[in-house]
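Single-letter residue listing:
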Amino acid sequence: MDLKAILEVLVKGIVQTEDQVVVKEVSGQVLHGKETIHFTIKVKPEEFSLLVGKGGSTIKSLRMIMSKLAGKMKKMVFVDLDEK
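Summary of the structure given here.

Reading the values: the criteria
- Residues numbered from 1 in each chain as written.
- Predicted model: local features only at pLDDT ≥ 70, side-chain atom pairs only at ≥ 80, totals over all residues.
- Heavy atoms only, no water.
- Helix = DSSP H or I, 4+ residues; strand = E, 2+ residues; numbered from the N terminus.
- Expected span 1.5 Å × (residues − 1).
- Contact = heavy atoms within 4.5 Å.
- Salt bridge = Lys/Arg side-chain N within 4 Å of Asp/Glu carboxyl O.
- Buried < 20%, exposed > 50% of the residue type's maximum accessible area, 1.4 Å probe, protein only.
- Lys, Arg positive; Asp, Glu negative; His and termini not counted.
- Core = buried A, V, L, I, M, F, W, Y, C linked by side-chain atoms within 4.5 Å.

**Examining helix α1 (residues 3-14)**
- With 12 residues, α1 should cover 16 Å at 1.5 Å per step; its first-to-last C-alpha distance of 17 Å lies within 8% of that length.
- Those residues of α1 that are buried lie in contact with β1 (22-31), β2 (34-42), α2 (48-52), α3 (57-72) and β3 (75-81).

Encoded structure:
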């Protein structure tokens with residue numbers, strides 16, 4: 001399973017409307033000798049708060065999980081939320 005698929009599974013487990021989840025991936029840059037991958041998550045506006053969590057705890061946890069998985073692959077990952 002690739003990182004994008006893992007992130008999609010995690011996000012779909014958090015939100016109510018799984019079919020509205022869109023994860024965009026941009027990769028290719030090199031930073032500190034590692035390939036970088038930028039993920040942008042888009043969900044329904046009503047479910048945005050579910051991804052952020054209380055005090056940002058949910059999105060911080062998602063970022064930490066993805067960072068640990070990417071580290072094993074010698075990559076750096078960034079996870080952002082699309083607020084539009």
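**Quick notes on the pattern of salt bridges**
- Within this structure, the stated rule accounts for three salt bridges.
- Residue E35 pairs with K75 through a salt bridge whose shortest N-O separation is 3.9 Å. Residue E35 is found in strand β2, and its partner K75 is found in strand β3; the two are separated by 40 residues along the sequence.
- Owing to a relative accessible area of 31%, E35 belongs among the partly exposed residues under this scheme.
- With its nearest N and O atoms 3.5 Å apart, the salt bridge here joins K44 to E46.
- In this structure K44 comes out as partly exposed when scored by relative accessible area, which is 28%.
- On the basis of relative accessibility, which here comes to 56%, the residue E46 falls in the exposed class.

**Structural notes on the side chain of E47**
- Here E47 lies in the loop between β2 and α2.
- Although E47 is buried, it forms no salt bridge, and the closest oppositely charged side chain is K44 at an N-O distance of 5.7 Å.
- Apart from the residues lying within four places of it in its own chain, the contact partners of E47 are V15, Q16 and T17.

**Remarks on unusual backbone geometry**
- Its identity is not glycine, yet K74 carries a phi of approximately 60 degrees, on the positive side.
- By the element assignment, K74 lies in the loop between α3 and β3.

**With respect to the nonpolar core**
- In this structure, L7, V11, F39, I41 and L51 are the most contacted members of the largest nonpolar core, which totals 18 residues.
- Taken together, the elements giving at least two residues each to this core come down to α1, β2, α3 and β3.
- Among the elements that take part in this core, α3 stands out by supplying four residues, more than any other.
- Contacts of I41, omitting those with residues within four sequence positions, involve L7, V11, V22, V23, L51, V79, D80, L81 and D82.

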